[in-house]
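# An overview of the molecular structure
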Amino acid sequence: MKIRKKIFQFMRIFLHHPVQGLTIVMATVRGGFYILKYRLLSRGRIIIDFPFFCYTHIHISGEGRVRIGKGCSVFVNNFERLVVNTLTQSAVVTIGQKCSLGGGTIRCAGRVQIGNHVMMAANLLQDVPFGTSLSHCELQVNSQFSDIIVGDHVWLSARSIVLWCSSIGDRSVLGVGSVLCGQSIGNGYLLLGNPVRRPLPIASLLQMKEGAK
């Protein structure tokens, strides 16, 4: 039933906006190409669920495991493609369902977990120190990395950075140019600054906005 409804929605879009419909078709075909390419070349280490909408190129490298959930989209922006680089064999990158991935870069030696319905715009998620020159084997022996966890319905704004030992709760926003490192943030916060200091509850900000009207 859901599949039939989605087909009708797409046909409506295609009839009223043929250019937009053709763009979606091309993105679906390109996404299907990447699904097959990485599953075959990685021997099952890299799994991308269908449908996967690719409006630009993506690049996944390394010896770790990568999983991208169904319904995700990769959009064009100033930084072009999505880049995922696993630095160790034990690295695990998990991206949930229906995420909007615009030019993100993920460098993972341990674990990077991104929830569902997450929006990324030219971000960096990295669980190792900047400028590390450690080899893959040294990275496995020296545990200088720690998990990065991003909840559901999170917005990672342009040029924001999430570094090792960090977690962001559901329905939170990491502001433009903000840097989060070594902090665990709960649900529903606005995070600003480099580094982030004093997260602001979004619910309180909305109440203040309503009260000012």
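The rules we used
Residues numbered from 1 in each chain as written. Predicted model: local features only at pLDDT ≥ 70, side-chain atom pairs only at ≥ 80, totals over all residues. Heavy atoms only, no water. Helix = DSSP H or I, 4+ residues; strand = E, 2+ residues; numbered from the N terminus. Buried < 20%, exposed > 50% of the residue type's maximum accessible area, 1.4 Å probe, protein only. Contact = heavy atoms within 4.5 Å. Areas by Shrake-Rupley, 256 points an atom, 1.4 Å probe, with all protein chains shown as cover. Pairing = 2+ DSSP bridges. pLDDT = per-residue confidence, 0-100. Core = buried A, V, L, I, M, F, W, Y, C linked by side-chain atoms within 4.5 Å. Patch = residues over 30% accessible without salt bridge, like charges linked within 9 Å, V, L, I, M, F, W, Y side chains within 5 Å. Salt bridge = Lys/Arg side-chain N within 4 Å of Asp/Glu carboxyl O.

Before going further, it helps to spend a moment on the overall build of the chain. Summing up its helical and strand segments, the chain has four helices and 21 strands in all. Counting across all 213 residues of the chain, residues that qualify as buried make up 38%. Within the chain, counting contacts between residues at least 6 apart in sequence, those at least 24 apart form 31% of the total. Of the roughly 12,000 Å² of accessible surface on the chain, 59% is carried by carbon and sulfur atoms.

Here we come to the pairing of strand 9 (residues 105-108). Covered by surrounding structure in strand 9 are Ile106 and Cys108 only, the residues Thr105 and Arg107 on the alternate face being uncovered. Direction of pairing for strand 6 (residues 82-86) relative to strand 9: parallel, over a ladder of four bridges. When the bridges of strand 9 are listed, Asn85 appears paired with Arg107. Bridging between strand 9 and strand 12 (residues 124-126) involves three bridges; their strand directions are parallel. The residue of strand 12 that forms the bridge with Ile106 is Leu125.

In this model, the chain carries a mean pLDDT of 86, and residues with pLDDT of at least 70 account for 80%. The weakest mean pLDDT in the chain belongs to helix 3 (residues 136-141) at 49; the strongest belongs to strand 4 (residues 65-68) at 98.

Next up on the list: the nonpolar core. Ranked by internal contacts, the top residues of the largest apolar core, which has 38 residues, are Phe52, Ile58, Ile114 and Leu125. Tallying contributions element by element places helix 2 (residues 18-42) first for this core, with three residues. With sequence-adjacent residues up to four places away left out, Ile58 is seen in contact with Tyr34, Tyr38, Ile48, Phe52, Val74, Arg81 and Leu82.

The residue Met26 is located in helix 2 in this model. On a C-alpha basis, the gap between Met26 and Cys54 in space is 8.1 Å, while along the polypeptide they are 28 residues apart.

One open sheet accounts for eight strands, arranged 2-5-8-11-14-17-20-21; its pairing is mixed. Since the sheet does not close on itself, it has two edges, and those belong to strand 2 (52-54) and strand 21 (200-201), each with one partner.

Here the focus is the sheet that holds strand 13 (residues 148-150). With respect to topology, seven strands assemble into an open sheet ordered 1-4-7-10-13-16-19, the strand pairing being parallel. Looking at which strands have only one partner, the edges of the open sheet turn out to be strand 1 (46-48) and strand 19 (184-185). For strand 4 and strand 7 (residues 92-95), the ladder comprises four bridges, and the chain directions are parallel. Within strand 7, the position partnered with Val66 by the bridge is Val93.

The grouping of Leu22, Val25, Met26 and Val29 at the surface amounts to a nonpolar patch, some 370 Å² of accessible area in total. Position of Val29 relative to the elements: it lies in helix 2. Judged by its relative accessible area of 57%, Val29 falls in the exposed class.

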